[in-house]
Amino acid sequence: MSFLLPTTLPLRYRPHRSCCCSSSPSSPSGYLEPGVTVVTKANTTAVFSERTKEQIRELFNKVQLSVSSYDTAWVAMVPSPYSSGGPCFPGCIEWLLDNQLSDGSWGLPHHPLLVKDALSSTLASVLALKRWGVGEEQVNKGLHFIGSNVTSATDECEHSPIGFDIIFPGMVKHAKDLDLNLPFEPKVFDAMHHRRELELRRAYSEGRKSYLAYISEGMGKLQDWEMAMKYQRKNGSLFNCPSSTAAAFMHLQDTGCLNYLHSLLEEFGNAVPTVHPLDILGRLCMVDNVERLGIERHFRQEIKSVLDYTYRCWLRGDEEIFLDTATCAMAFRILRFNGYDVSSDPLTQITEGKHESSFSAGHLKHIGDALELYRASEIIIYPHELTLEEQHSWSSHFLKEKLNDCMIYSDRFNKYVSQEVDDALKFPFHANLERATIRRNIEHYYVDSTTILKTSYCSSNIRNEDFLNLAVEDFNICQSIHHEELKYLERWVAETRLDKLKFARQKTAYCYFSAAATLFSPELYDARISWAKNGVLTTVVDDFFDIGGSLVELENLIQLVEKWDVNLTADCCSEHVQIIFSALHSTICEIGAKAFTFQGRNVTTHVIDIWLDLLHSMWREAKWTSENSLPTLEEYMSNGVVSFALGPIVLPTLYLVGPILSDVVVSSSEYQNLFKIMGTSGRLLNDIRSFERESKEGKLNAVSLHMIHSSGAVSAEESTRAIKSSIVSQRRELLRLVLETKSSMVPRACKNLFWNMSRVLNLFYMKDDGFTSHDMIHVVKAILHEPLSLSV
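These notes cover the structure that comes with them. Only a predicted model underlies this, so the values are computations on that prediction, with no experimental measurement involved.

Looking at the overall build of the chain
Okay, so step 1: Regarding its fold elements, the chain presents 37 helices and two strands.
Okay, so step 2: In the chain, 74% of the contacts between residues at least 6 apart in sequence involve partners at least 24 apart.
Okay, so step 3: Counting every atom, the chain has about 31,500 Å² of accessible surface; 52% of that belongs to carbon and sulfur.

As structure tokens, then:
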């Protein structure tokens, strides 16, 4: 059965109404006590280390890569095209002679768990020196290191660089051809050879041609070079990888390969990185880092520059984006979420198995690729994006399988990967509060910038301790402001006597938390206070209409708001009504005065109307209950969008986040539709979680009405499935409207509030009614009360 949704939004925007509130910006309408106002308005950015921020800004200008001994050794093996008796790049030979480590190895100073990486780099370097008959002392020291550590080559608990089980035994065979006396027993070689054969059979059976092309230097005579060269890029390289490209040139004498190697040495001198270029991915990683750590507002200009450049590259089909899974998925996700018009079509080839990447090896690189695809597949905004649907399904399955594999080891590399994957699976994008996400990202942030491909490399653009230092300082400064604001709100509840209403849920911390978790920047304090106060008031009013007030009291409250200028003593029929109306009146006046300073016009009437819409919708539901009326599902939902009480929380806050909102914008169909979709999905989420309780209480909601109006043809489970499907559609449409730029009238900063509230609701109702229960209290404490330390 189709699930009907309302087609119109009953939100009025009536002409100006006189009220007792002052609209003058000079009116004494500050939300906070003077001392607190000074704290929140302080120029908190002065506290941050300008030197740290400047160092981060500089990184946006140039991607820094460590050089690779492994790849430099393979480039060093390339013979001169003019004389096979000498090296094409003698400077690389000199570099290898000068850069052996004290233990006889080559490579980055290695972690004990990266011995295989050191073995690969050392054996490649030894082969290069032996080939040209130089560095006998260095060769002997290198061989000694290999002999002392060769048992690690078959150790399952050691990290394996990509293709190690094929490449390293292949280099061992090459060493024998050069009459190098490798210091290990035949049984070790036999074990390595056995692993190589298993890996080759697996690769061939799975059709992983790109994988075999990528590890060309380890394939030897087995390589299908015609197949491998299909992966040659416009810059002449194979996979932007020096070692693969060097091997291809040595076998084919391809001019493009040689030109690529020459270009590398012109840029880097006598040593090369393991991958180049990496500019787009490196800069996107920086954008992703600062966004995930909550410090992006300090680098808005740099971020825009990166995204504008990436978008230009996307439009021209740049290979650096489209021939790498992680780069393509990350570029799509970040560009789309930042409002750039990008199609999901380029990701189709990944789903269809036509892409260079393969996940079957289970390597950390592949897990990282799958994680990026999973994140990209969460940004679905069009019904036809079936590719992203499929990616979400199989990348989720892949990550769940590999998560257990990562958990086997507790070392720093796997621990970081498993934490990221676990967070991504537990906290979907649409149900993830920004501030809670930031805290987890800071706590799990891994400052070691080591990445492992065929060999390890470091890039301070990808991971950097400066990011962490700034993020911790920023989080704690914001938290100290939030803590003071919460204390002010608790005093406000007591001063307005809202705490005397025993029928009402006391949810001040939750209401403020939902604001601080999404509007956390210090300068947004007015927006936070408006959101939180109205959250408290809507909770009180909801409980008043639900259980606390009689029909006479409910009608009296509505009449007071409609009249607005009243005599509290004479016009309020009860103390409860007086307390609620007084708090409503003073809060709306405060918001109106604050909004005037942002908007330059009186919006108090609109705020009053928003509240009246809520009160009338709640009154309608109360009448349905008292009269045992049975509304249609469409009637219920049309009313329920408003009675869910998001209007007074979100809509007044829009006036306080910065952008000017004209009458035309507020009256636009886009503005109304944003509210309708947010309210619809919120109402449905709530009704699913409260269905059993409300059924026992004899109350109607979307699930029960869906069943009733189907004449018994639909079960509760079927109704719930239909409603959940509708929620997904509504959520995606909301995200599409938020990300829309071409025909949008509503500023993005304002549209973000609708999406952030949707994320709050999806989190609160992920398992049950999280607002009514106490399950979220530990998250509230972490965001509002528990500072971070640099020891995280």
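Examining the packing of helix α33 (residues 669–696) against helix α35 (residues 716–739)
Geometrically, a packed helix pair is captured by the angle between its two axes and the distance between the axes.
Okay, so step 1: Direction vectors running N to C along α33 and α35 enclose 150°, while the axes themselves pass 9 Å from each other. When the interaxial angle is binned, α33 and α35 end up roughly antiparallel. The two elements α33 and α35 meet at a crossing, and its hand is left-handed. Every residue of α35 that contacts α33 at Glu670, Asn673, Leu674, Ile677, Met678, Thr680, Ser681, Leu684, Leu685, Ile688 and Phe691 is listed here: Ala716, Thr720, Ile723, Lys724, Ser726, Ile727, Gln730, Glu733, Leu734, Leu737 and Val738.

As for the layout of surface pockets
Rolling a probe over the atoms, with the probe sized like a water molecule, indicates the empty space that remains.
Okay, so step 1: Estimates place the volume of the second largest pocket at around 1,300 Å³.
Okay, so step 2: If you trace the second largest pocket, you find 48 residues lining it, with Arg505, Asp542, Asp546, Arg683 and Glu694 closest to the centre.
Okay, so step 3: When residues of the lining of the second largest pocket are traced back to their parent elements, those giving at least two are α24 (508–516), α25 (525–548), α26 (551–563), α29 (604–626), α30 (633–643), α33 and α36 (748–764).
Okay, so step 4: Take the lining of the second largest pocket: its biggest share by element is nine residues, from α25.
Okay, so step 5: The class makeup of the residues in the lining of the second largest pocket is 24 nonpolar, 13 polar and eleven charged.

Comments concerning helix α13 (residues 255–268)
Okay, so step 1: Taking 1.5 Å as the rise per residue, α13 with 14 residues should run 20 Å; its terminal C-alpha atoms sit 20 Å apart, in good agreement.
Okay, so step 2: Among all positions in α13, only Cys257, Leu258, Tyr260, Leu261, Leu264 and Leu265 are buried. Seen along its axis, α13 keeps its buried residues to an arc of 160°; they face one direction. In α13, the exposed positions angled more than 90 degrees off the buried face are occupied by Thr255 and Glu266.
Okay, so step 3: Residues of α13 that are buried make contact with α3 (69–76), α4 (90–98) and α12 (242–252).

Topic: the pattern of salt bridges
Okay, so step 1: By the definition in use, this model includes 40 salt bridges.
Okay, so step 2: Two residues, Arg316 and Asp318, come together in a salt bridge whose shortest N-O distance is 3.7 Å.
Okay, so step 3: Its relative accessible area of 52% is what places Arg316 among the exposed residues.
Okay, so step 4: When its relative accessible area of 18% is taken as the criterion, Asp318 is described as buried.
Okay, so step 5: Between Arg736 and Glu733 there is a salt bridge, and its shortest N-O distance comes to 2.7 Å. On the criterion of helical spacing, the pair formed by Arg736 and Glu733 is a turn pair, its members being three residues apart in helix α35.
Okay, so step 6: Exposure remark for Arg736: the relative accessible area of 21% places this residue in the partly exposed category.
Okay, so step 7: On the basis of relative accessibility, which here comes to 26%, the residue Glu733 falls in the partly exposed class.

Focus on the packing of α29 against α30
Okay, so step 1: Between α29 and α30, whose axes approach to 8 Å, the crossing angle comes to 135°. Classed by the angle they form, the pair α29 and α30 counts as oblique. At the point where α29 passes α30, the crossing takes the left-handed sense. The segment α29 lies against α30, with Asp613, Leu614, Ser617, Met618, Arg620, Glu621 and Trp624 engaging Glu635, Tyr636, Asn639, Gly640, Val642 and Ser643.

About the criteria used
Residues numbered from 1 in each chain as written. Predicted model: local features only at pLDDT ≥ 70, side-chain atom pairs only at ≥ 80, totals over all residues. Heavy atoms only, no water. Helix = DSSP H or I, 4+ residues; strand = E, 2+ residues; numbered from the N terminus. Contact = heavy atoms within 4.5 Å. Areas by Shrake-Rupley, 256 points an atom, 1.4 Å probe, with all protein chains shown as cover. Axes fitted to C-alpha atoms, helices over the stretch in contact; angles between N-to-C directions. Parallel < 35°, antiparallel > 145°, perpendicular 65-115°, else oblique. Left-handed = near helix turned anticlockwise from the far one by under 90°. 1 Å grid on protein atoms, 1.4 Å probe; cavity = no way out; pocket = protein on both sides within 12 Å on 5 of 7 lines; lining within 4 Å. Points joined across faces, edges and corners; volume = space filled by probe spheres on them. Nonpolar A, V, L, I, M, F, W, Y, C, P; charged D, E, K, R; others polar. Expected span 1.5 Å × (residues − 1). Buried < 20%, exposed > 50% of the residue type's maximum accessible area, 1.4 Å probe, protein only. Arc of directions from axis to C-beta. Salt bridge = Lys/Arg side-chain N within 4 Å of Asp/Glu carboxyl O.

So far we have only geometry, and geometry alone does not tell us how the molecule works.
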